Amino acid sequence: FVGFWYMATYRDMEFQPALVAISTIALLGVGLLGITYSVLSASWDDDREGSFLGVDEFQKNIGNLKQGLNRSRDNAILREKAAGLSEEEVQSALRDLDKREKRKEEEEMMKKEGLKGKLERELE
């Protein structure tokens, strides 16, 4: 925009308003994309140093955002369903959820132990 103003004021050039608007919006869009990429390509983990271009961090952070949005959607659906349930039904559902989470944690521990055990066997 400033360049068009300078050219019109000091160089006596005329530009179509649509050209000025489109180029200004395009530069604004490029700037917005750059800022968004810079935030998403930064390492959000304090213990991990990011790379120069941040491609890996960008992919990881996009995945984190998608997971967060999915959890928010799932929570909203769950709240809608829970609104019509009795207290006993809610408590039963919470117990079931705790059981599922515990089972999932145990499966993850088995996977980790499985990899660890496999690594120890190969090192022997």
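As a reminder, the structure under discussion sits directly above these lines.
Residues numbered from 1 in each chain as written. Predicted model: local features only at pLDDT ≥ 70, side-chain atom pairs only at ≥ 80, totals over all residues. Heavy atoms only, no water.

S.K.: Would you mind showing me how to read the side chain of S41 here?
M.R.: Mapped onto the secondary structure, S41 falls in the loop between helix 2 (17-40) and helix 3 (55-82). S41 sits in the buried class, given a relative accessible area of 12%. (Helix = DSSP H or I, 4+ residues; strand = E, 2+ residues; numbered from the N terminus. Buried < 20%, exposed > 50% of the residue type's maximum accessible area, 1.4 Å probe, protein only.)

S.K.: Honestly, a nonpolar patch on the surface in this entry has me stumped. Any pointers?
M.R.: The grouping of F1, V2, W5, Y6 and Y10 at the surface amounts to a nonpolar patch, some 620 Å² of accessible area in total. Looking at the secondary structure, you find Y10 in helix 1 (residues 2-10). (Patch = residues over 30% accessible without salt bridge, like charges linked within 9 Å, V, L, I, M, F, W, Y side chains within 5 Å. Areas by Shrake-Rupley, 256 points an atom, 1.4 Å probe, with all protein chains shown as cover. Salt bridge = Lys/Arg side-chain N within 4 Å of Asp/Glu carboxyl O.)

S.K.: Explanation requested: the environment of N61 in the structure shown.
M.R.: Looking at where N61 falls in the secondary structure, it is placed in helix 3. Exposure remark for N61: the relative accessible area of 2% places this residue in the buried category. Each C-alpha atom, one on N61 and one on W44, is 7.6 Å from the other, the two residues being 17 residues apart in sequence. Apart from the residues within four sequence positions on either side, N61 is in contact with V39, L40, S41, A42 and W44. (Contact = heavy atoms within 4.5 Å.)

S.K.: What's the story with unusual backbone geometry in this structure? I'm lost.
M.R.: With the exception of glycine, most residues fall at negative phi, and the peptide bonds are largely trans. At D12, a position not held by glycine, the phi torsion is positive, near 55 degrees. Mapped onto the fold, D12 is located in the loop between helix 1 and helix 2.

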